[in-house]
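# Structural description and commentary
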Amino acid sequence: MPNAKVLSEKQAVVAQLSEKIQNATAGVIVDYKGITVEEDTALRRECRENAVDYKVVKNTLLRFAFNNTGLSDLNDLLNGTTSLALCDDPVAPARIMNDYAKKLNEKFEIKGGFMDGKPVDLETIKSLASIPALPVLQAQVLGTMLAPITGLAVVLKQIAEKQGAPAEATEEAPAAE
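Notes on the structure follow. Everything numeric in this text was worked out from a predicted model, so none of it was measured. (Residues numbered from 1 in each chain as written. Predicted model: local features only at pLDDT ≥ 70, side-chain atom pairs only at ≥ 80, totals over all residues. Heavy atoms only, no water.)

### Observations regarding the overall build of the protein chain
- When its secondary structure is counted, the protein chain shows 6 helices and 5 strands.
- If you list the helices and strands of the protein chain from N to C, you get α-β-α-β-α-β-α-β-β-α-α.
- Taken against the 2.2 N^0.38 rule, which gives 16 Å for 177 residues, the C-alpha radius of gyration of the protein chain at 26 Å runs more than 25% over that of a compact globule.
- For the protein chain, the spread of C-alpha atoms along the principal axes amounts to about 100 × 40 × 30 Å.
- Relative to its 177 residues, the protein chain shows a buried fraction of 32%. (Helix = DSSP H or I, 4+ residues; strand = E, 2+ residues; numbered from the N terminus. Rg over C-alpha atoms; globule rule 2.2 N^0.38 Å. Buried < 20%, exposed > 50% of the residue type's maximum accessible area, 1.4 Å probe, protein only.)

What follows is the structure, encoded as structure tokens:
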């Protein structure tokens, strides 16, 4: 039996982990066996840049945290080396972890995950990963909204040129004094 100090420290870790899981919109559980320090550093850098909280977690502590948050269905995935990626954006952890799983093949494997407090399977994670990043989506929407306005401006310019008006608006001549 662990002493009271160690037990209280572990309970604090489980409480903190439970809170993070509860507050996260999505999370991905990964088996990271065999990745190098360089690969791990690059992964952590990309996670930080995308506001993804990535941690290596002991399976027993994560099991307690999952039980506290109603995600006990994920307990079967907790074997071997385990890390957890959490984020408020449901797409970011799935996209980053899926990209690394493709790059590193057998060294890095997605076990499963959750979204909005419910477990999701590997196929759901892969489909989330195929969604472009938020800035890309915003640019696509903006481009779609600007397309009709741009088209109208081009048509009006062509009509004006056809009627003999110069291509560019002419400036008014300075007034004679």
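### Here's the deal with helix H2 (residues 37-49)
- When the terminal C-alpha atoms of H2 are compared, their 18 Å separation across 13 residues agrees well with the 18 Å that a helix rising 1.5 Å per residue should span.
- Packed against the buried residues of H2 are strand E2 (53-56) and helix H4 (92-104).
- Backbone geometry just downstream of H2 places Ala51 in the positive-phi region, at approximately 60 degrees. (Expected span 1.5 Å × (residues − 1). Contact = heavy atoms within 4.5 Å.)

### Considerations on a nonpolar patch on the surface
- On the surface, Val141, Leu142, Met145, Leu146 and Ile149 cluster together to form a nonpolar patch covering roughly 490 Å² of accessible area.
- Mapping Leu142 onto the fold places it in helix H6 (residues 134-162). (Patch = residues over 30% accessible without salt bridge, like charges linked within 9 Å, V, L, I, M, F, W, Y side chains within 5 Å. Areas by Shrake-Rupley, 256 points an atom, 1.4 Å probe, with all protein chains shown as cover. Salt bridge = Lys/Arg side-chain N within 4 Å of Asp/Glu carboxyl O.)

### Examining the sheet that holds strand E3 (residues 83-87)
- One open sheet accounts for 5 strands, arranged E2-E3-E1-E4-E5; its pairing is antiparallel. Strands with a single pairing partner mark the edges of an open sheet, and in this sheet they are E2 and strand E5 (118-120). Across the sheet, the mean angle separating the axes of adjacent strands is 20 degrees when strand polarity is ignored.
- Sheet topology places E2 next to E3; 4 bridges connect them, and they run antiparallel. Across the sheet, Lys55 pairs through a bridge with Leu84, a residue of E3. (Pairing = 2+ DSSP bridges. Axes fitted to C-alpha atoms, helices over the stretch in contact; angles between N-to-C directions.)

### A word on unusual backbone geometry
- Backbone geometry places Ala51, a non-glycine residue, at a positive phi of 60 degrees.
- If you trace the backbone, Ala51 turns up in the loop between H2 and E2.

### Some points on the nonpolar core
- Formed by 23 residues in total, the largest nonpolar core has its most connected members in Leu43, Met97 and Phe108.
- Going through the elements one at a time, strand E1 (26-31), H2, E3, H4 and helix H5 (122-129) are the ones with two or more residues in this core.
- In terms of residue count, H4 provides more of this core than any other element does, 7 residues in total.
- If you look at the next biggest cluster of nonpolar residues, it comprises 14 residues, including Ile29, Leu71, Leu84 and Phe114. (Core = buried A, V, L, I, M, F, W, Y, C linked by side-chain atoms within 4.5 Å.)

### Here we look at the packing of H2 against H4
- Closest axis-to-axis distance for the H2/H4 pair is 11 Å, and the angle between their directions is 160 degrees. In terms of orientation, H2 and H4 fall into the roughly antiparallel class. Where H2 crosses over H4, the two elements pack in a sense that is right-handed. Contacts between H2 and H4 involve Glu39, Ala42, Leu43, Glu46 and Cys47 on the former and, on the latter, Ile96, Met97, Tyr100 and Leu104.
- Classifying every residue of the contact of H2 with H4 gives 7 nonpolar, no polar and 2 charged. (Parallel < 35°, antiparallel > 145°, perpendicular 65-115°, else oblique. Left-handed = near helix turned anticlockwise from the far one by under 90°. Nonpolar A, V, L, I, M, F, W, Y, C, P; charged D, E, K, R; others polar.)

### Some thoughts on the environment of Lys107
- Within the secondary structure, Lys107 sits in the loop between H4 and strand E4 (109-115).
- A C-alpha to C-alpha distance of 6.2 Å links Lys107 and Tyr32, two positions 75 residues apart in sequence.

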